[in-house]
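What follows is the residue order along each chain.
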Amino acid sequence: MKELIERAVAIKARVVSADFKEGFEREILNYGHTLGHAIELNSNFSLRHGEAVAIGMVFVAELAHSKGLLTHEEVEVHRELLKSLGLPTTYSKESWSSCIAIYCLIKKFEVSP
């Protein structure tokens, strides 16, 4: 686990250093992160930040799969890796509409009916 954390920090430092003004390269650091914030808020912080981001990552992977950008097997790798770290990978289906509304507020999007 220590090596994994060290590698993740090194990658983050390299990306941030190369993309100081938050352009395209830095977007990889947000993978599941903004949706994670929405899930975290929607759960009234009963989920920790990392747990909410893990759920967001799986959701984004599923979305990428639905767009033909990831295979089912690649989505399963996400799910199994996160589960192996003790992180949740699902969220209540009934909560998604409120999560998306929160997400849109965070990202300042307008949702059309």
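Residues numbered from 1 in each chain as written. Predicted model: local features only at pLDDT ≥ 70, side-chain atom pairs only at ≥ 80, totals over all residues. Heavy atoms only, no water.

Describing the layout of surface pockets
In step 1: Reported here for the largest pocket is a volume of approximately 1,300 Å³.
In step 2: As for the largest pocket, its lining consists of 28 residues, of which Ala-8, Leu-29, Tyr-31, Val-53 and Met-57 are closest to the centre.
In step 3: At the level of secondary structure, the elements contributing two or more residues to the lining of the largest pocket comprise helix H1 (2-18), helix H3 (49-66) and helix H4 (72-84).
In step 4: Ranked by residue count, the leading element in the lining of the largest pocket is H1, at seven residues.
In step 5: Approximately 280 Å³ is the volume attributed to the second largest pocket.
In step 6: Along the wall of the second largest pocket there are 14 residues; nearest its centre are Asn-30, Thr-34, Leu-35, Val-60 and Tyr-103.
In step 7: Sorting the residues of the lining of the second largest pocket by element identifies helix H2 (33-42), H3 and helix H5 (96-107) as the ones contributing at least two each.
In step 8: The element that contributes the greatest number of residues to the lining of the second largest pocket is H5, accounting for four residues.
In step 9: Class assignment of the residues belonging to the lining of the second largest pocket gives a composition of eight nonpolar, four polar and two charged. (1 Å grid on protein atoms, 1.4 Å probe; cavity = no way out; pocket = protein on both sides within 12 Å on 5 of 7 lines; lining within 4 Å. Points joined across faces, edges and corners; volume = space filled by probe spheres on them. Helix = DSSP H or I, 4+ residues; strand = E, 2+ residues; numbered from the N terminus. Nonpolar A, V, L, I, M, F, W, Y, C, P; charged D, E, K, R; others polar.)

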